[in-house]
Amino acid sequence: MQRIFHTPEGVRDIYGRECRQKHELKRRIRSVFQKYGYEEIETPTFEYFEVFSQEVGTVPSRELYKFFDRDGNTLVLRPDFTPSVSRACASYFSPDQEPVTLFYTGQTFINSSSYQGRLKEITQMGVERIGDDSPEADAELLAMTVEALLSCGLREFQVSVGQVDYFKSLLKEAGLEKEAEEHLRALISEKNYFGVEELVEEQKLCPQLAAVFQELPHLFGSVEVLKKARSLTDNQSAVRAVERLERIYELLKVYGYEKYICFDFGMVSRIQYYTGIIFQAYTYGTGEPLVKGGRYNELLKHFGAPAASVGFVIMADSLLTALSRQKIEILPDEEPYVLTYTEETLEETLVKAQRLRKEGRSVSLRKKKEGL
Ligand SMILES: N[C@@H](Cc1c[nH]c[nH+]1)C(=O)O
């Protein structure tokens, strides 16, 4: 029976100061989302399996927590908010007429392998801009990412931006088999330069394509990378992908946030629904990304209402870890005011406590111990 005193692996209790910090962090981030005019949405913690099926392109099926309802339907604890919000948006709004801007906060659940030591339940705070294919939408989301992190007191961080379209356009031109394609994707994401070189030789790609693929793992850094990426190819759709990033960067200059942005053409995501920019934010103190996001223009088709969309989530737990390792205080630090009372002073203490509470103080009552 020992088991009932501690939690299963991958989940944990949060209490005391840490819990207060988490609430404060959520409050600040919500207020940034609201400043941009986003509306809050709550979706259920579990959904039908189909919402997160392989075709949707979220986390792999073996990492989902699945269970059954009384009628034998397979249900899933949400591993990702984006499919749920897309489903809800397709049912209640008309993103083809006007963009829908939504934000949410809640738990997500991934049944990852225990070797990785990751949390299996995490808190995500995210936004989705649905029905807007413009570069200004991409830029807005990146600006919101920067602002949300700044609002928590973080100062040193980077938002790394990639472009799924660049790589996809080149892959299409190369016409590789699915397996070779997956292998190449993995090698590039691991920045395995020699592996990429070997693979492109094996596949006998034309010299220009071979050269771009070999460059991809090196194609990261500040804005100069964009020029380099453009010079490496004359594939029209790859060039358009770079031009879009250039435009987004120009807009971020208007926001004044360009110093937080860098580019990474080798960035790939486990999530398959991305179609345009993808991005992740990092800081020191945690190896995990603080933010993950991107454009997903095909996802809403699965829910019967096609709409070009973009969004991101903040991993609240990773952000809290980073803040604590960087010694950044997120609490206004108001400890509750403790009032002690005895049998005789109880009533006057209650009156005093209520007066202080009306003034906005937080007051905790303790009965004085006998003999003290
Ligand atoms: N749902 C994605 C992040 C995202 C939100 N919107 C677009 N992308 C994730 O869990 O990684």
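A few points on the structure. (Residues numbered from 1 in each chain as written. Predicted model: local features only at pLDDT ≥ 70, side-chain atom pairs only at ≥ 80, totals over all residues. Heavy atoms only, no water.)

## Brief notes about a nonpolar patch on the surface
Phase 1 of the analysis: Among the surface-exposed residues, Tyr193, Phe194 and Phe220 lie close enough to one another that they form a single nonpolar patch of about 340 Å² accessible area.
Phase 2 of the analysis: With respect to the helices and strands, Phe194 occurs in helix H6 (residues 193–202).
Phase 3 of the analysis: In this structure Phe194 comes out as exposed when scored by relative accessible area, which is 65%. (Patch = residues over 30% accessible without salt bridge, like charges linked within 9 Å, V, L, I, M, F, W, Y side chains within 5 Å. Areas by Shrake-Rupley, 256 points an atom, 1.4 Å probe, with all protein chains shown as cover. Salt bridge = Lys/Arg side-chain N within 4 Å of Asp/Glu carboxyl O. Helix = DSSP H or I, 4+ residues; strand = E, 2+ residues; numbered from the N terminus. Buried < 20%, exposed > 50% of the residue type's maximum accessible area, 1.4 Å probe, protein only.)

## Quick look at the nonpolar core
Phase 1 of the analysis: Counting residues in hydrophobic clusters, the biggest one holds 75 residues, and the most contacted among them are Tyr166, Phe213, Phe265 and Leu319.
Phase 2 of the analysis: Per-element accounting of this core gives the leading share, 10 residues, to helix H3 (residues 135–151).
Phase 3 of the analysis: With residues near it in sequence (within four places) discarded, Leu319 still touches Leu25, Ile29, Leu149, Cys152, Leu154, Leu290 and Ile314.
Phase 4 of the analysis: Counting 30 residues, the second-largest nonpolar core is a separate cluster that includes Leu64, Ala88, Val100 and Ile122. (Core = buried A, V, L, I, M, F, W, Y, C linked by side-chain atoms within 4.5 Å. Contact = heavy atoms within 4.5 Å.)

## Side note on the site of the ligand
Phase 1 of the analysis: Close to the ligand lie 14 residues, the nearest being Asp80, Thr82, Glu128, Tyr274 and Gly311.
Phase 2 of the analysis: One of the side-chain nitrogen or oxygen atoms of Glu128 is found 2.9 Å away from a nitrogen atom of the ligand.
Phase 3 of the analysis: One of the backbone N or O atoms of Gly311 is found 3.4 Å from a nitrogen atom in the ligand.
Phase 4 of the analysis: Surface burial for the ligand is 97%, taken as the share of its 300 Å² of free accessible area covered by protein chains.
Phase 5 of the analysis: Elements with a minimum of two residues in the shell around the ligand: strand S6 (121–130), strand S11 (291–295) and strand S12 (309–315). (Near = heavy atom within 4 Å. Polar contact = N/O pair within 3.5 Å; in protein donor to acceptor, adjacent residues only side chain to side chain.)

## Examining the packing of aromatic side chains
Phase 1 of the analysis: Applying the stated rule across the entire model yields 13 aromatic pairs.
Phase 2 of the analysis: Summarising the aromatic geometry, the rings of Phe81 and Tyr104 are spaced 4.3 Å apart at their centres and angled 20 degrees between planes, so their arrangement reads as stacked. Of this pair, Phe81 sits in helix H2 (residues 81–92) while Tyr104 sits in strand S5 (residues 100–109), placing them 23 residues apart in sequence. In this structure, Phe81 and Tyr104 share a single accessibility class: buried.
Phase 3 of the analysis: Relative to Phe265, the ring of Tyr166 lies with its centre 4.8 Å away and its plane at 65 degrees, an arrangement referred to as edge-to-face. In this pair, Tyr166 sits in helix H4 (residues 164–174) while Phe265 sits in the loop between strand S9 (261–264) and strand S10 (277–283), placing the two residues 99 residues apart along the sequence. Of the two residues, Tyr166 and Phe265, both sit in the buried class.
Phase 4 of the analysis: Aromatic ring contacts, followed pair by pair, group Phe33, Phe103, Phe279 and Phe312 into a single cluster.
Phase 5 of the analysis: Positioned over the ring face of Tyr337 is Arg361, at 4.8 Å from the centre of the ring. (Phe/Tyr/Trp six-rings, centres within 6.5 Å; stacked < 30°, edge-to-face > 60°. Lys NZ or Arg CZ within 6 Å of the ring centre and 35° of its normal.)

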